[in-house]
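Chain residues, written in single-letter form:
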Amino acid sequence: MSFLKHPGLRALGTAVAAAAALSACGGSGSRNDQFPLIRATLTIKTVSQGGVCDSVRVRLSPKQLIGESNKYANSRMMVAEVAMTGPTDEAGAPMCNGTGESLPMASGIWEFTVPLASGTATCERHIEPGGDLSIVFIDGVDGCGGNGNGDVTNGIPLEMVPGSEVPAEGDAAPAAG
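Fair warning: this is a prediction, and the values are worked out from it, not measured in the lab. (Residues numbered from 1 in each chain as written. Predicted model: local features only at pLDDT ≥ 70, side-chain atom pairs only at ≥ 80, totals over all residues. Heavy atoms only, no water.)

Enquirer: Describe the sheet that holds strand 7 (residues 119-127), and please don't skip the residues or the numbers.
Expert: The strand order 3-2-6-7 describes an open sheet built from four strands, whose pairing is antiparallel. Because the sheet does not close on itself, it has two edges, and the strands there are strand 3 (78-82) and strand 7. Put simply, the sheet's adjacent strands are angled 25 degrees from each other on average, direction ignored. Across five bridges, strand 2 (residues 56-65) lies against strand 3 in antiparallel orientation. Its bridge partner lying in strand 3, Leu-60 is registered against Met-78. (Pairing = 2+ DSSP bridges. Helix = DSSP H or I, 4+ residues; strand = E, 2+ residues; numbered from the N terminus. Axes fitted to C-alpha atoms, helices over the stretch in contact; angles between N-to-C directions.)

Enquirer: I'd like to hear about unusual backbone geometry, residue by residue, with values.
Expert: Of note, the amide linkage connecting Gly-86 to Pro-87 takes the cis form, showing an omega dihedral of 10 degrees. Mapping Pro-87 onto the fold places it in strand 4 (residues 85-90). The backbone phi angle of Ala-91 is positive, close to 55 degrees, even though this residue is not glycine. Relative to the helices and strands, Ala-91 is located in the loop between strand 4 and strand 5 (93-101). Residue Ala-91 is classed as exposed on the basis of its relative accessible area, which comes to 88%. (Buried < 20%, exposed > 50% of the residue type's maximum accessible area, 1.4 Å probe, protein only.)

Enquirer: I'd like to hear about the nonpolar core, residue by residue, with values.
Expert: Counting residues in hydrophobic clusters, the biggest one holds 24 residues, and the most contacted among them are Ile-44, Phe-112 and Phe-137. The set of elements that each furnish at least two residues to this core consists of strand 1 (41-47), strand 2, strand 3, strand 6 (108-116), strand 7 and strand 8 (134-138). (Core = buried A, V, L, I, M, F, W, Y, C linked by side-chain atoms within 4.5 Å.)

Enquirer: Describe the pairing of strand 5, with residues and values.
Expert: Relative to strand 5, strand 1 runs antiparallel, the two sharing seven bridges. Note on strand 5: the bridge partner recorded for Ile-44 is Gly-98. Pairing of strand 4 with strand 5 involves four bridges; the strand directions are antiparallel. In the strand pairing of strand 5, Glu-90 is matched with Ala-93.

Enquirer: If you had to explain the pattern of salt bridges to someone new, which residues and values would you point to?
Expert: Evaluated as defined, the whole model comprises five salt bridges. Across the salt bridge formed by Glu-90 and Lys-45, the nearest N and O atoms sit 2.8 Å from each other. Of this pair, Glu-90 sits in strand 4 while Lys-45 sits in strand 1, placing them 45 residues apart in sequence. Between Glu-111 and Lys-63 there is a salt bridge, and its shortest N-O distance comes to 3.8 Å. Taken as a pair, Glu-111 in strand 6 and Lys-63 in strand 2 lie far apart in primary sequence, 48 residues in all. When its relative accessible area of 15% is taken as the criterion, Glu-111 is described as buried. (Salt bridge = Lys/Arg side-chain N within 4 Å of Asp/Glu carboxyl O.)

Enquirer: Report on the state of the cysteines, specifying residues and quantitative values.
Expert: With the rule as written, the count across this model stands at two disulfides. Residue pairing for Cys-53: its cysteine sulfur links by disulfide to Cys-96, the two sulfurs lying 1.9 Å apart. Taking the sign of the torsion about the S-S bond as the criterion, the disulfide between Cys-53 and Cys-96, at about -80 degrees, is left-handed. Pair noted here: Cys-53 is in the loop between strand 1 and strand 2 and Cys-96 is in strand 5, with a separation of 43 residues, a long-range link. Sequence-ordered numbering of the disulfide-bonded cysteines in the protein gives the connectivity 1-2, 3-4. (Disulfide = S-S within 2.5 Å.)

Here it is in structure tokens:
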């Protein structure tokens, strides 16, 4: 084995062995490719504390994972930091505004918790590919409104809210009393 004594031939042999090993893996993709990475857009509007707009930490906690997700999606509690700008004068109040993005999330029901000037705000949302991924917290407003697609109660699809019924097409929803 005199070729092992020559470093150039040894490197070539190693490269050939690595290429052969990689080609054996196939290249058709994996089942994981069919699941997109899901990221929520986090938007926060809160009253400035002392004329300063510090970044805000949003806690994201899975409540119920539903279906399959991309293998790179997070399925445990995480924290996303949203950089805030301002303060700006909005109707006489010094407001801080910020928008950020979560890390990739697994499909399911997630709880979002954020400290605002008026107190801690919490809501639950159904996170899924193609769903409403806009999480909006406004100081003094309950919940975390999103795109407002009409079939959502505090971010949860009506069919997932215990005791609620989705009205049939053409039927009016019962009046609140």
